Amino acid sequence: MSIPPARPAWWARGPHGQTIWGRYGRSRHLVSFEREILPTPDGDDLVLDHLGGPAGSPRVIVLHGLEGSSQAVYVQGLARGLQRAGMRVTVLNFRSCARDPANGDLLPPRRPRLYHSGDTRDLDLVVQTLAAREPRAPLLAVGFSLGGNVLLKWLGEQGARSAVEAAATVSVPFDLAASSRHLERGFARIYASHVLKTLKRKAADVLARFPRETEHINGDRIRFAQTIYAFDDYATAPLHGFRSASDYYLKSSSLRFLSTIEVPTLCLNAEDDPFSPAETLRSAREAASEDVKLKVSPWGGHAAFVTGRWPWRARYWADELIASWLATRPA
């Protein structure tokens, strides 16, 4: 396993410098995917994006973060690194994601729902589908942020039955309630405000398309929600069968599932992650099974981990670490 660089890039210092550069300083066009529309048992669709490689080589399922997609810069960067390491990639775009009308990607939802941090059913469908197609090819998985929480929860639910042989996560908010509170403080509120804009728009679209199924949901409360907690309380929870945001966080936080993971799993987090308090890392380390290795860097921001002497020679240490670890994964 590679050793982290001694310090972050001087031109992307601090948690916010790292996080913002990690989002806006990278190309969104590093790889070209082949798209597949996979029907779901409940009558909806999943958008999968595939990146090829040698036949029979390991296939890595990648799960993006909140309001991300296969076009997110961190997904593009990791996908290129995995392909160079001889692996194939399948990105699971969560429901309502990777569906930009401006790019001709419009696939309106056919069910009155979105996606959330604890929904593992779609991941389970993708795992089963890919495993059935190529039963001899190793199946691996990587999750970023919200997608990492989904992945860890699914691994804990599966235990020794997991068809995924090894996994890695980046910047997971292990405790969703703590992360939600953290995003209400200081500069972190800017990140929350940014994702709330698209989340509110998507929720409003679901309410408009399915008025009968969503008549119990107050659209005005969603529209005026100022925090992630409020949105989850008014939209995420009632759309997906939870009593409240607190109930959703309690049942969906991956912290509760770390102890039952039984495949090699690497979790990379930064102490200065502006999306999650550092105290949750100690809780995660205490809860994790022997198969979970938590690697904590003092710097890195949220899903960034940028280093290098100059911006035009930037390196993204998380990509390098994960590609290397999966290529030489423990048995």
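Here, the structure is the one placed above.
These remarks concern the structure in this document. None of the values given here were measured: they were computed from a predicted structure.

Let us now look at the pairing of strand 7 (residues 265-270). Among the 6 residues in strand 7, 6 count as buried, and that is most of the element. Of the two faces of strand 7, the one carrying T265, C267 and N269 and the one carrying L266, L268 and A270 are both buried. Two strands pair when backbone bridges link them, and strand 6 (residues 166-170) and strand 7 are joined in this way by 4 bridges, in the parallel orientation. In the strand pairing of strand 7, V170 is matched with L268. With helix 10 (residues 279-287) bridging strand 7 and its parallel neighbour strand 8 (residues 292-297), the resulting β-α-β unit is right-handed.

It is characteristic of soluble globular proteins that their nonpolar side chains tend to be buried jointly. With 61 residues, the main nonpolar core has I61, L123, L155 and F174 as its most contacted residues. Considering each element in turn, this core owes the most residues, 9 residues, to helix 6 (residues 188-209). Ignoring sequence-local partners within four residues, the contact set of L155 consists of S162, V164, A167, T260, I261, V263 and T265. Membership of the second largest hydrophobic core comes to 32 residues, among which are L78, M87, V91 and V170.

Here we come to the layout of surface pockets. Roughly 280 Å³ of volume is contained in the second largest pocket. Residue lining of the second largest pocket: 16 residues in total, with R26, R80, A314, Y316 and D319 positioned closest to the centre. Contributions of two or more residues to the lining of the second largest pocket are made by helix 2 (73-84), strand 10 (315-316) and helix 11 (317-327). For the lining of the second largest pocket, the leading source of residues is helix 2, giving 4 residues. Looking at side-chain class alone, the lining of the second largest pocket contains 5 nonpolar, 4 polar and 7 charged residues.

What counts as what
Note that residues are indexed from 1 along each chain, following the sequence as it is written. Only residues with pLDDT of at least 70 get local features here, since the model is predicted, and only at 80 or more are side-chain atom pairs given and counted; chain-wide, interface and lining totals rely on the full set of residues. Only hydrogens and water are removed before side-chain values are computed, so all heavy atoms of the structure are retained for them. Burial classes follow relative accessibility: with a 1.4 Å probe on protein chains only, a residue under 20% of its type's maximum area counts as buried, one over 50% as exposed, and anything between as partly exposed. A run of H or I in DSSP counts as a helix once it spans at least four residues, and a run of E counts as a strand once it spans at least two, with each numbered from the N terminus. Two strands are counted as paired when DSSP detects at least two bridges linking them. Look down the strands so they point away from you; if the path from the first strand over the helix to the second goes clockwise, the crossover is right-handed. Buried residues of nine kinds, namely Ala, Val, Leu, Ile, Met, Phe, Trp, Tyr and Cys, make up a nonpolar core once their side-chain atoms join them within 4.5 Å. Between two residues, a contact is recorded if the distance between any of their heavy atoms is within 4.5 Å. Only protein atoms enter the calculation, which uses a 1 Å grid: trapped sets of points that fit a 1.4 Å probe without letting it out are cavities, open sets showing protein on both sides within 12 Å along at least five of seven lines are pockets, and any residue with an atom within 4 Å of a point is a lining residue. Grid points are joined across faces, edges and corners, and a volume is the space filled by probe spheres set on the points. The nonpolar class holds Ala, Val, Leu, Ile, Met, Phe, Trp, Tyr, Cys and Pro. Asp, Glu, Lys and Arg form the charged class, and all remaining residues, Gly among them, are polar.

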